[in-house]
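Take a look at the letters that make up each chain.
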Amino acid sequence: MKLKFIDLFSGIGGIKIGFMNAGFECIYSNDIDPNCKKTFDLNFKNNLDVSGIKAIKPSGLPSYNILVGGFPCQPFSIAGYRKGFHDTGRGDLFFDILNLLKEKPVNAFLLENVKNLISHDSGKTIQKIENKLSKLGYFISYKVLNTMDYANIPQNRERIYIVGFKSETSLKKFSFPKKTRLTLNLSDILENKKVCSKYYYNDKPLYEKISPYIVKENIVYQWRRKYVRENKSGVCPTLTANMGTGGHNVPIIKDKYGIRKLIPRECARLQGFKDSYVFPEIADSHLYKQIGNSVSIPVIEKIAHNMKKAL
């Protein structure tokens, strides 16, 4: 019998895929973005509930053993205003997770967020999270993992993963994944043919500003509104939700056809989505936002496997 989980702040189902790949069964997924639903429902049998976590009535949920969710990171992100728990409607959603864990206790949970959650408010935020979860009887462990170190994907993406178990014995049996050597290159992620012309800057006003600085293939560049930044590490910088804002935040590359931004499919590969994952015919801005908001699926899958062993 499979362990059953509910998937909160599901987005386009990245955490869900990781846990399903590890042998868990998803019985419910929730988000609040109708555009995510368009993508999600194309790829899963269970449709996405977009009523939002605040509308969930614990008594109305079916039975489950595991709770997972990447709760909104903007309130804790360096790139945001860092209001934390005082960011009404986003930062305070952690307390809705607490309510669910209180009303319907689980064997284990996984929460994902930005690395800055550890240092936010001089460390008081993560301490408060740990204290609140401990008071509900959960034994907690957390660690920051970088996608390029743990997923064999060339993306520099550091995220904190908070794992909790109702049993201290299970926690003692659990361990976070070990590092793995990065063997995939950016060239393994990129399309090997010319992509749609709309992604190229060749005939656009920005081309004159960026072309003198974007000279190497298989290197990712970023346009910082006033200058071009070359990512000399050979990996892609962190994909973010604000890629969907204006379009200039999408990483840039040079291929044999010119200078262009990464297309949504390439960004999806950098999160671990297989090419069999289907994207709907909606604006690229929505797709970039959805992908940047998602998770590194291989990292989630490894954590889920280890959680399953511990249970």
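Definitions and limits used
Residues numbered from 1 in each chain as written. Predicted model: local features only at pLDDT ≥ 70, side-chain atom pairs only at ≥ 80, totals over all residues. Heavy atoms only, no water. Core = buried A, V, L, I, M, F, W, Y, C linked by side-chain atoms within 4.5 Å. Buried < 20%, exposed > 50% of the residue type's maximum accessible area, 1.4 Å probe, protein only. Helix = DSSP H or I, 4+ residues; strand = E, 2+ residues; numbered from the N terminus. Contact = heavy atoms within 4.5 Å. Pairing = 2+ DSSP bridges. pLDDT = per-residue confidence, 0-100. Axes fitted to C-alpha atoms, helices over the stretch in contact; angles between N-to-C directions. Phe/Tyr/Trp six-rings, centres within 6.5 Å; stacked < 30°, edge-to-face > 60°. Lys NZ or Arg CZ within 6 Å of the ring centre and 35° of its normal.

Asks: Would you mind showing me how to read the nonpolar core here?
Replies: In summary, soluble globular proteins display a tendency toward joint burial of nonpolar side chains. In terms of nonpolar packing, the biggest core is built from 58 residues, with Phe19, Leu110, Ile303 and Met307 touching the most fellow members. If you tally residues by element for this core, the top one is helix H11 (residues 297–310), at seven residues. Excluding residues within four positions of it along the chain, Met307 makes contact with Phe19, Ala108, Phe109, Leu110, Val163, Phe165 and Phe174. Leu100, Ile129, Ile160 and Ile162 belong to the second largest nonpolar core, which has 28 residues in total.

Asks: Please explain the pairing of strand S9 (residues 252–255) as it appears in this structure.
Replies: Here four bridges tie S9 to strand S10 (residues 258–261), and the two strands are oriented antiparallel to one another. Bridge pairing in S10 places Ile253 opposite Arg260. In this structure, the hairpin formed by S9 and S10 is closed by a connection of two residues.

Asks: So what exactly am I meant to see when it comes to the confidence of the model for the protein here?
Replies: Detailed reading of the predicted coordinates is not advisable wherever pLDDT falls low. Per-residue confidence for the protein gives a mean pLDDT of 92; residues scoring 70 or more make up 93%. Scored below 50 in pLDDT, residues 75–82 makes 27 contacts in the model with residues more than four places away or belonging to other chains. Predicted confidence is poor over residues 84–90, with pLDDT under 50, and the contacts of this stretch with residues over four places away or in other chains come to 17 contacts.

Asks: I'm lost on the sheet that holds strand S2 (residues 25–30) in this one. Help?
Replies: The strands that make up a sheet pair up through hydrogen bonds in the backbone, lying either parallel or antiparallel. Strand order across the open sheet formed by six strands is S2-S1-S3-S4-S6-S5, with mixed pairing between neighbours. With one partner strand each, in any of the chains shown, S2 and strand S5 (139–146) form the two edges of the open sheet. Strand-to-strand, the axes of this sheet are offset by a mean angle of 20 degrees, without reference to chain direction. Sheet analysis places strand S1 (residues 4–8) next to S2, joined by five bridges and oriented parallel. By the bridge assignment, Ile6 is partnered in S2 with Tyr28. The strands touched by helix H4 (residues 124–135) are strand S4 (108–114), S5 and strand S6 (158–165); relative to S5, the strand with the most contacts, the crossing angle is about 145 degrees.

Asks: Even after reading the chapter, I still don't get the side chain of Ser10, so can you show me in this structure?
Replies: Mapping Ser10 onto the fold places it in the loop between S1 and helix H1 (14–21). In this view, Ser10 contacts Ser29, Asn30, Asp31, Phe40 and Leu48; residues no more than four positions away in its chain are not counted.

Asks: I would appreciate a short explanation of the packing of aromatic side chains in the present structure.
Replies: Pairs of aromatic rings are described using the distance from one ring centre to the other and the angle between the two planes. All told, the structure shown has eleven aromatic pairs when counted by the stated rule. Consider the rings of Phe94 and Phe95, whose centres lie 5.7 Å apart with planes at 70 degrees: the pair is edge-to-face. Here Phe94 falls in the buried class, since its relative accessible area comes to 0%. On the basis of relative accessibility, which here comes to 28%, the residue Phe95 falls in the partly exposed class. One aromatic cluster is present, built from ring pairs that chain together Phe5, Phe19 and Phe24. Cation over ring: Lys166 sits above Tyr138, and NZ or CZ is 4.3 Å from the ring centre. Its guanidinium or amino end placed over the ring of Tyr200, Lys194 lies 5.8 Å from that ring's centre, counting from NZ or CZ.

Asks: How do you make sense of the pairing of S6 when you look at a structure like this?
Replies: Consecutive side chains along a regular strand alternate between the two faces of the sheet. Of all eight residues in S6, seven are buried; the element is thus mostly enclosed. Strand direction decides the pairing type here: S4 and S6, joined by seven bridges, are antiparallel. The residue of S6 that forms the bridge with Val114 is Arg159. Direction of pairing for S5 relative to S6: antiparallel, over a ladder of eight bridges. Among the inter-strand pairings, Ser141 is bridged to a residue of S6, identified as Val163.

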